[in-house]
Amino acid sequence: MFDELLSELEVFALDASCSQLMVSFCSRHAPSGLSPKMFSLQERLQPRMLRRETLRLCHTFTLLMCMSASEDFDWTKNHRTSFYFGTFPTGFSWGAGSSAYQTEGAWNTDGKGMSIWDVFSHRKGNILSNETGDFSCESYHKVKDDIGLMRELKLNHYRFSISWPRILPRGTISEHVNEKGIQFYNDLINKLLDNKITPMVTLYHWDLPQVLQEKYGGWQNVSMVDYFNDFASLCFERFGDRVKHWMTFNNPWSVAVEGYETGEHAPGLKLKGTGAYRAAHHLIKAHAKVWHTYDTKWKSKQKGLVGISLTADWGEPVDTSNQGDIRAAERYFQFYLGWFAGPLFHGDYPQVMKEYIGRKSGQQGLGASRLPVFSAQEKTYIRGACDFLGLGHFTTRYITQKNYPSGLGDSYFADRDLAELVDPKWPDPGSEWLYSVPWGFRRFLNYVKSEYGNPMIYVTENGVPEKKYCTDLCDAWRMQYYKDYINEMLKAVRDGVNVKGYTAWSLLDSFEWDEGYSQRFGLFFVDFSNKNKPRYPKASVQFYKRIISSNGFPNQREMESWKRKAEEACFSSNQLLAADPLRGHMEMVSEIVVPTVCTLCVLLSAIFFMFLLRRRL
C-alpha cells in the first residue's frame, strides 16, 4: 500500500523538507519500516529550488499520510468482555483532580478579581438553590490539609487549575499582577513536590476574568487569543521550572456550548447556532498559540509538555449493523471530541461538521456556513500543536439517526441530525445524566487511538457523583464504578492504546457548576454546612488507594479484601460525620448564642442602670 501511494505522490515531493518528512513518516508508519522503494526515493529527492506552490502539495501529502496512519474503527467488534486481572505498565501515573473555582473559595480574598462564574452564580436563578462557589471547599486556606489527603491516597500526581483572575485581577498582564495569587500557587506546587506528587496544571478551567467578558465579549472575541497567551506565558515564567505537564483548556466543548449556546454556564449567553462555533474557533486558536509560545520560548529550558483536556461521552450505534446508526454515532463523536481534536491532529474541522453545518446554513438562507473557517496558514499552525491528549469521560449514550429540518431554527444540537438514548437497565447513581456504562470507556479509548494515530493520552477526568443529601460514606456504587471503568481502561492499554495516567474526578466534593452542591463527585466528603469545611474519607478512598498501590488488579482474592477493608474503614468515618452536627450545634452556641445572650445582658443592665438613675433624680 505504501509503495503504491509513493508511486503516485513522489512526483509532487519536490521540496527537500517535504521529502524528508515523507521519509520520516513512512519509516515510522510503514508496516516494516522503509521499503526498498522508499530508500530509492530518499536518494533521489535532494534539495532543489522550488516554486512556492509545491509547498501546499507537501502539506497535503503530510495530511493524507497522517490520515492513512489511522486505522478504521471496527464497530462490530465486541469490547464487552469479562473482568481482566492484571496490572498497568511500570510508571503509570495515578492521580486525582480539582479546579480553582470549584474548590478554592476565597472568591474576593488577597486581591483576586471577579470571574465570570462569580458574577454568574451571584445572579438568582442561575444555580440550583442559588448556591455559589464563594467559599466552596476553602482549599485556598487548606493546602496543607488537602496534600495530607493526597498522601493518604498515595497519589502520583494532582491535577488542579490556576485561576486567571486570581493572578491577573484585571485580566491583562499590563495592568496588574497579583503577587499574593502567584505566591499561593507557588506554595501549592512546592508542597506537592515536597511530598513527591507531580503537579499537572490546567490553565483555564472556565473562570475567565469578568472584565474581559464585559470589555470584549469573552470567547466571542478573537482578542482573547492574545490575552490568554499572555496569561499562559506568565504561568510558564513563574511556575514552569517545576511544572512539566500543562493543559491549556479543560473541556472546551462545555465552555463553547454551555457558555455561549445554551446559557447553562457562565457567561450565560444564548447565541443559538453561532455562539458555540465562534467561541470554539477562538479557543482552538488560543490553544495553538500557547503551544507554540511554549515550544519556541520555554520548552528547551523547562522540558515540559503542553496538551489539552477534552471531555466526551461515548456514542454507541443503536444497531451496529445499521449504516445509518453507525454514521450517526461517528457524527456524534466528531461533533463532540473531533470538533477540537480534529484541528489539532488533522489540521481542520471534521469533514462531516463542515458538510452538515454548511448545508443547513445554506438551507437557512445564509451566505456562508455558521462554522468558521481556518485559513491555510492557520491549519498548518494548529496541526500538531499538542504534546499529549487529556481525555475526560464519564458515561455513554446510544445514538441513532434523526433528521432536524432547518426550518426549526439553527442550533448546535440540531446540526448533528441524531438522537441520544439511554438503556434503562444501565446503573444510575442518582445523577440525571451519568449512567455507569464501563464498556463504553474502552470503546472510546480505542476510537481515539484509531482516529488520531494513537497519541499519548492522560485520562484527566473520570468519576461518579451521588446526590447532595446522601451522607453515607460507604459509597459502594463509586467503588464499583472505579473498579469497572479502570478495568476497561486496562483492557484498552492491552489493546495498544497509549494511556500514560489516570485522574480520578474528584479529590473533594465541590461546587458542581449549575448543579451547585447537589452532586458530590469527591473521594472525600466535604461538610459544606460547617464553616471549617471538614473532609471525611469515603470508602472509595481505601479502594482507590489499593488500586494505586497494586498498579491495577492483581487477583480476585485481593480485590474482595480491598472492598471489605474499605467498608470497615468507612464505618468510623460515618461515626465522625454523625457527630459533626452536634459539633456544629456547639459551635453555633459558642459563636452565636453566647455572644447574643451577653449583648442582651449588657443592654438590660444599661436599661436597669438608667432606671435607677431616673428614680434618684
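Residues numbered from 1 in each chain as written. Predicted model: local features only at pLDDT ≥ 70, side-chain atom pairs only at ≥ 80, totals over all residues. Heavy atoms only, no water.

S.K.: Quick rundown of the overall build of the protein? Include the residues and the values.
M.R.: When you go through the protein residue by residue, the secondary structure sums to 21 helices and 17 strands. Here the protein, with 617 residues, has 56% of them falling under the buried criterion. For the protein, restricting intrachain contacts to residue pairs at least 6 apart in sequence, the fraction spanning at least 24 positions comes to 77%. Of the roughly 26500 Å² that the protein leaves accessible, carbon and sulfur atoms contribute 54%. (Helix = DSSP H or I, 4+ residues; strand = E, 2+ residues; numbered from the N terminus. Buried < 20%, exposed > 50% of the residue type's maximum accessible area, 1.4 Å probe, protein only. Contact = heavy atoms within 4.5 Å. Areas by Shrake-Rupley, 256 points an atom, 1.4 Å probe, with all protein chains shown as cover.)

S.K.: Outline helix α15 (residues 351-363), listing residues and values.
M.R.: Relative to the 18 Å expected for 13 residues at 1.5 Å per residue, α15 spans 18 Å between its end C-alpha atoms, a close match to the ideal helical length. Every buried residue of α15 is listed here: Val352, Met353, Tyr356, Ile357, Lys360 and Ser361. Within α15, the buried residues cover an arc of 150 degrees as seen down the axis, which keeps them to one side. Next to the buried residues of α15 lie α13 (275-302), α14 (323-346) and α17 (412-415). (Expected span 1.5 Å × (residues − 1). Arc of directions from axis to C-beta.)

S.K.: Hey, could you go over the pairing of strand β3 (residues 157-161) for me, with residue numbers and the actual values?
M.R.: Counting buried positions over the five residues of β3 gives five, a clear majority of the element. Burial along β3 is two-sided: the residues His157, Arg159 and Ser161 and Tyr158 and Phe160 are all buried. Relative to β3, strand β2 (residues 93-97) runs parallel, the two being bridged by three bridges. Bridge assignment links Gly95 to a residue of β3, and that residue is His157. Across five bridges, the pairing between β3 and strand β4 (residues 198-204) is parallel. Within β4, the residue paired with Phe160 across the bridge is Val201. (Pairing = 2+ DSSP bridges.)

S.K.: I'd like to hear about the state of the cysteines, residue by residue, with values.
M.R.: A complete count under the given rule lists one disulfide for this structure. The disulfide bridge from Cys474 ends at Cys570, spanning 1.7 Å between sulfur atoms. Torsion about the S-S bond of the Cys474 and Cys570 cystine: about 80 degrees, corresponding to right-handed handedness. Taken together, the residues Cys474 in the loop between β12 (466-467) and α19 (476-494) and Cys570 in helix α21 (residues 556-616) connect sequence positions 96 residues apart. Classification of Cys474 as buried rests on a relative accessible area of 13%. According to the relative accessible area criterion, Cys570 is buried, its value standing at 1%. (Disulfide = S-S within 2.5 Å.)

S.K.: Break down the confidence of the model for the protein for me, with residues and values.
M.R.: Per-residue confidence for the protein gives a mean pLDDT of 87, with 82% of residues at or over 70. For the stretch residues 1-69, pLDDT sits under 50, and the model shows 55 contacts to residues farther than four places along the chain or on other chains. Low pLDDT, under 50, characterises residues 584-594; the predicted model gives this stretch eight contacts beyond four residues in sequence or across chains. (pLDDT = per-residue confidence, 0-100.)

S.K.: Please set out unusual backbone geometry residue by residue, giving values where relevant.
M.R.: Between Ala266 and Pro267 the backbone carries a cis peptide bond, its omega angle lying at 5 degrees. Following the sequence through the fold, Pro267 ends up in the loop between α12 (252-260) and α13. In this structure, Ser506 follows Trp505 across a cis peptide bond, with omega equal to 10 degrees. Within the element layout of this structure, Ser506 appears in the loop between β13 (499-504) and β14 (519-520). Non-glycine residue Ser136 carries a positive phi angle of around 45 degrees. For Ser136, the position within the fold is in the loop between α6 (116-122) and α7 (143-153).

S.K.: Tell me what's going on with the pattern of salt bridges, and back it up with residues and numbers.
M.R.: Under the defined criterion, the tally for this structure stands at 26 salt bridges. Measuring nitrogen to oxygen at the nearest pair gives 2.9 Å for the salt bridge that ties Arg238 to Glu179. Here the residue Arg238 occupies a position in helix α11 (residues 224-239), and Glu179 occupies one in helix α9 (residues 179-194), the gap between them amounting to 59 residues. Residue Glu179 is classed as partly exposed on the basis of its relative accessible area of 41%. Connected through shared salt-bridge partners, Glu466, Asp475, Arg478, Asp509, Arg520 and Lys538 make up one network. (Salt bridge = Lys/Arg side-chain N within 4 Å of Asp/Glu carboxyl O.)

S.K.: Can you explain the packing of α12 against α13? Please cite residues and give values.
M.R.: It is at 8 Å that the axes of α12 and α13 come closest, and there the two elements cross at 145 degrees. Every pair of crossing elements has a handedness; the one defined by α12 and α13 is right-handed. Contact residues: Pro252, Val255, Ala256, Val257 and Tyr260 in α12; Gly275, Ala276, Ala279, Ala280 and Leu283 in α13. Split by residue class, the contact of α12 with α13 holds nine nonpolar, one polar and no charged. (Axes fitted to C-alpha atoms, helices over the stretch in contact; angles between N-to-C directions. Left-handed = near helix turned anticlockwise from the far one by under 90°. Nonpolar A, V, L, I, M, F, W, Y, C, P; charged D, E, K, R; others polar.)

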